[in-house]
Amino acid sequence: MTSFADLRDYVATPRLTGLRLAPDGSWLAAVIQGLSPDRKKYVSSIWRIDASPDGVGPVRLTRSAEGEASPEFLPDGSLLFISARPDPAGQPAAGRAAGPGDQAGPGSQPGGADAEAGDHRAALWLLPAGGGEPRRVAAPPGGVHGVAAARSAGTVAITAAVLPGSASLEQDARRRAARKDAGVSAILHDAGPVRYWDHDLGPDQLRLAAAELGAADAAAVTRDLTPDPGRALDEQDFELAPGGASVLTGWSTWDERGEQADELVAIDTATGQRRVLLAEAGYDFCAPSISPDGRLAVCTRQLHDSYDKPGDVTLMLVPLDGGGEPRDLLDGFDRRPAAAAWAPDGTAVYFTADDQGRCPVFRLELASGQVTRLTHDDGAYDSLCPAPGGRYLYAIRAAVTEPPTPVRLDLTADSGQPARLACPGTPLELPGQVAEIEATADDGATIRAWLVLPGGASAQAPAPLLLWAHGGPLSSWNSWSWRWNPWLMAAQGYAVLLPDPALSTGYGYDFIARGHGQWGGQPYRDLMAITDAAQARPDIDAARTGMMGGSFGGYMANWMAGHTDRFRAIVSHASLWSLEQMFGTTDLPTFWRRIYGDPAGQPERYLADSPHLHVRQISTPMLVIHGDKDYRVPVGEALRLWWDLQIEAKDARFLYFPDENHWILTPGNAIVWYQTVLAFLAQHVLGQPWQRPDML
């Protein structure tokens, strides 16, 4: 038995979601997500993990019903974190520090303006280096959303939500209370986006603030660095200079047509003066990382997609003292780099990039421009933490075969093999094994995929096949996913095909360009080619094949439903159905319209690629799944798909989650999601009687 044999055991598995290295390199603060006592939600806590593989086991540092996240170290080893836990000293919400940011992202919601003054909001807490009880150091009424600490000073930068026009936190608290007392929830937008993933933007805005944290007590009076930012700081990464004199951050701007571009700016923490470092039409600059000496910074630069060609990503080096010109560090490097981390001596940066179904670590020498791949396993690496002295690099490693795990890389060794550190929830025993397969597409390109095989699959006992198309579309099946986990299917006897078709990352710019602006074309043909290759294997039962996908994978599910009858069942989660409708109602309409154009003046791609135009050709049973709080692919897509299927009398079911978003995140709903999918597949792929899940 493994945790994959029982869905309740599976959702209870602890999950690593974040990692930070202490200044002396002796231990790591790990964010571990686990079930709440009532098993109805996930709650994060911070654990201490020894930096040596031979060290003591992990030790839990924080514990509360509300959870803790976003660990950040001060130079003396004190640990900052963000939590909505109540203050045992009874400090009122607006009683300290001024300032801006929570972790705004899928499944979380920023502190909005409609909470009562006494409601618990995410605050900034400090756990002393020598141990003891954490104390609250900043608690703006809109909640703390993000935090960064200077490496050699006590300066801290935070983001927090503040109502526009509020000159102080006390005024902000009064205005919030007045809105609630008056029963007002309205939001007035002047420009920019109105929603993001699963939450409304506004009426409050994220502001940046700086504060000096003393060793003995809480924050000094904080300085509001951005009194009128609009939506410029939404979803932006920021970092403090080592001495705390300035903070680097992405800064969003919008033109009169709603086109967004992200600049890189430096803000003086004493005066709030903002200086633009990098800005260019058609490009986004974000995810800054400052060199150890504070003289340089690297950031990602992303060229926007256009109607004619896809964008691209590189790393930029920018001087912070005004001397010298910014330069592209990866000119000619045909992969898309993620955010970089500096080597301790400042001569190189480490970064990751998808590559052939993996996501390895690379080292870039600044002087020569030489790029060296450091890891050569099947892992996907993230959260790079270079250690003092330069010998070790800590990171989170995951793979199709392994959940996120903290690891140590010895940079003086030749093997590039990671040493795993003890962590709650790992390792896991898998109910099968994985193979790697390839196929040749109709244009001659090589298409590769992981094939998860259940235990016992053989020519004598071939396994039914499940094609699982990934989301994105610019992504890769190269890592672990708790939400889209093939091992739960393998535990039920399915082989699961995880392919990277055109538009996938890790195969170069031209591979992405093969599918640009024609989602129903080359990506579809690639998926069919790799499915052919999998079905030709003797350990696969080609006659029993199903298909599923979410987001862009849901688009592919809908497209396949109208273009082939080779699958016995299709599961379509958070899917795109009517492209013109979706591109006008999503939270990021300009992103999609760059690729597909204005439907009023350029309808060609909409007519060529919209799945809804092929509903009458659908003959495969379909399971439609959607969450009402999904703003990336709004629920109107599923509603229209469902009713189009009903009108045409197609064989279909609709699994609807009124309180979930693009992902199904709560434990109970995740269990029901898998139970329904497995029951639907069992009925149509395996020929078993339909069994409705008990909770439905």
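Quick note: structure is the one above.
Please read these numbers as outputs of a predicted model, since none were measured by experiment.

Student: Explain unusual backbone geometry to me, and be specific about the residues and the numbers.
Tutor: Between Gly-202 and the following residue, Pro-203, the backbone shows a cis peptide bond with an omega angle of 5 degrees. Position of Pro-203 among the secondary structure elements: in the loop between strand S12 (199-200) and strand S13 (205-212). Cis geometry marks the peptide bond from Gly-472 to Pro-473, where omega comes out at 5 degrees. By secondary structure assignment, the location of Pro-473 is in the loop between strand S33 (463-469) and helix H3 (486-490). One non-glycine residue, Ala-574, lies in positive phi territory at about 45 degrees.

Student: Quick rundown of the pairing of strand S27 (residues 380-386)? Include the residues and the values.
Tutor: Pairing of S27 with strand S28 (residues 392-399), which is carried by five bridges, proceeds in the antiparallel orientation. Bridging from a neighbouring strand, Pro-386 pairs with Leu-393 of S28. Here S27 folds back onto S28, and the loop between the two strands holds five residues, one of which, Gly-389, carries a positive phi near 95 degrees.

Student: Residue-level account of the nonpolar core, with values.
Tutor: Nonpolar side chains in soluble globular proteins generally cluster together in the buried interior. One finds Leu-497, Trp-519, Met-547, Met-556, Met-560 and Phe-583 to be the most contacted residues of the largest nonpolar core, which totals 55 residues. Tallying contributions element by element places helix H6 (residues 552-561) first for this core, with seven residues. Not counting chain neighbours up to four residues away, the residues in contact with Leu-497 comprise Ile-437, Ala-449, Trp-450, Leu-451, Leu-465, Leu-466, Leu-467, Trp-468, Ile-530, Thr-531 and Ala-534. Counting 43 residues, the second-largest nonpolar core is a separate cluster that includes Val-400, Trp-450, Leu-678 and Leu-681.

Student: Provide a residue-level description of the sheet that holds strand S14 (residues 223-224), including the pertinent values.
Tutor: Pairing is antiparallel in the open sheet, where four strands are placed in the order S9-S10-S13-S14. Either end of the sheet is taken by a strand with one partner, and the two such strands are strand S9 (144-149) and S14. In this structure, strand S10 (residues 155-162) lies alongside S13, joined through eight bridges in antiparallel fashion. What sits directly across from Ala-161, in S13, is Leu-206.

Student: Now, about the pattern of salt bridges: what can you tell me, with residues and values included?
Tutor: Taken as a whole, this structure holds 32 salt bridges when the rule is applied. Here Glu-436 and Arg-448 are joined by a salt bridge, their closest N and O atoms 2.8 Å apart. In this pair, Glu-436 sits in strand S31 (residues 432-440) while Arg-448 sits in strand S32 (residues 446-454), placing the two residues 12 residues apart along the sequence. Among the residues examined, Glu-436 registers a relative accessible area of 38% and is labelled partly exposed. Each of Arg-358, Asp-378, Glu-436, Arg-448 and Asp-500 takes part in one network of salt bridges that share partners.

Student: Could you give me a rundown of the pairing of strand S20 (residues 296-303), with the residues and numbers involved?
Tutor: Where a strand is regular, its side chains alternate between the two sheet faces. Within S20, six of the eight residues are buried, which leaves it mostly tucked inside the rest of the structure. Relative to S20, strand S19 (residues 283-290) runs antiparallel, the two being bridged by six bridges. Note that in S20 the partner of Asp-284 across the bridge is Gln-302. Here S19 hands over to S20 after five residues, with Gly-294 in that stretch at a positive phi of 80 degrees. Relative to strand S21 (residues 313-319), S20 is paired through seven bridges, and the arrangement is antiparallel. Within the sheet, the bridge partner assigned to Val-298 lies in S21 and is Leu-317.

Student: Go over the packing of aromatic side chains, please, and point to the residues and values.
Tutor: All told, the structure shown has 33 aromatic pairs when counted by the stated rule. With 6.5 Å between their ring centres and 5 degrees between their planes, Phe-81 and Trp-125 make a pair best called stacked. Accessibility assignment for this pair places Phe-81 and Trp-125 in one class, buried. Among the aromatic residues, those joined into a cluster by ring pairs are Phe-4, Tyr-10, Trp-468, Trp-477, Trp-480, Trp-482, Trp-484, Trp-673 and Tyr-674. Here Arg-85 stacks its cationic end above the ring of Trp-125, 5.2 Å away from the centre of that ring. Positioned over the ring face of Trp-251 is Arg-274, at 4.1 Å from the centre of the ring.

Student: Which residues make up empty space enclosed by the protein, and what values do they have?
Tutor: In this model, the largest cavity occupies a volume close to 70 Å³. If you trace the largest cavity, you find it lined by Asp-305, Pro-310, Pro-473, Leu-474, Leu-503, Ile-512, His-516, Gly-517, Trp-519, Phe-591 and Ile-595. Split by residue class, the lining of the largest cavity holds eight nonpolar, two polar and one charged. The volume enclosed by the second largest cavity comes to roughly 60 Å³. Taken together, Asp-312, Asp-334, Arg-335, Arg-336, Thr-505, Gly-506, Tyr-507, Gly-508, Tyr-509 and Ile-512 make up the lining of the second largest cavity. Partitioning the lining of the second largest cavity into residue classes produces three nonpolar, three polar and four charged.

Student: Describe the packing of helix H5 (residues 522-535) against H6, naming the residues involved and giving the relevant values.
Tutor: Two measures define how a pair of helices packs: the angle their axes make with one another and the distance between the axes. Running from N to C, H5 and H6 cross one another at 80 degrees; their axes reach a closest spacing of 11 Å. With respect to H6, the element H5 is oriented roughly perpendicular. On H6, the residues that touch Pro-523, Tyr-524, Leu-527 and Met-528 of H5 are Phe-552, Met-556, Trp-559 and Met-560. Considering only residue class, the contact of H5 with H6 consists of eight nonpolar, no polar and no charged.

Conventions used here
Residues numbered from 1 in each chain as written. Predicted model: local features only at pLDDT ≥ 70, side-chain atom pairs only at ≥ 80, totals over all residues. Heavy atoms only, no water. Helix = DSSP H or I, 4+ residues; strand = E, 2+ residues; numbered from the N terminus. Pairing = 2+ DSSP bridges. Core = buried A, V, L, I, M, F, W, Y, C linked by side-chain atoms within 4.5 Å. Buried < 20%, exposed > 50% of the residue type's maximum accessible area, 1.4 Å probe, protein only. Contact = heavy atoms within 4.5 Å. Salt bridge = Lys/Arg side-chain N within 4 Å of Asp/Glu carboxyl O. Phe/Tyr/Trp six-rings, centres within 6.5 Å; stacked < 30°, edge-to-face > 60°. Lys NZ or Arg CZ within 6 Å of the ring centre and 35° of its normal. 1 Å grid on protein atoms, 1.4 Å probe; cavity = no way out; pocket = protein on both sides within 12 Å on 5 of 7 lines; lining within 4 Å. Points joined across faces, edges and corners; volume = space filled by probe spheres on them. Nonpolar A, V, L, I, M, F, W, Y, C, P; charged D, E, K, R; others polar. Axes fitted to C-alpha atoms, helices over the stretch in contact; angles between N-to-C directions. Parallel < 35°, antiparallel > 145°, perpendicular 65-115°, else oblique.

By themselves, these are just geometric observations and shouldn't be taken as functional.
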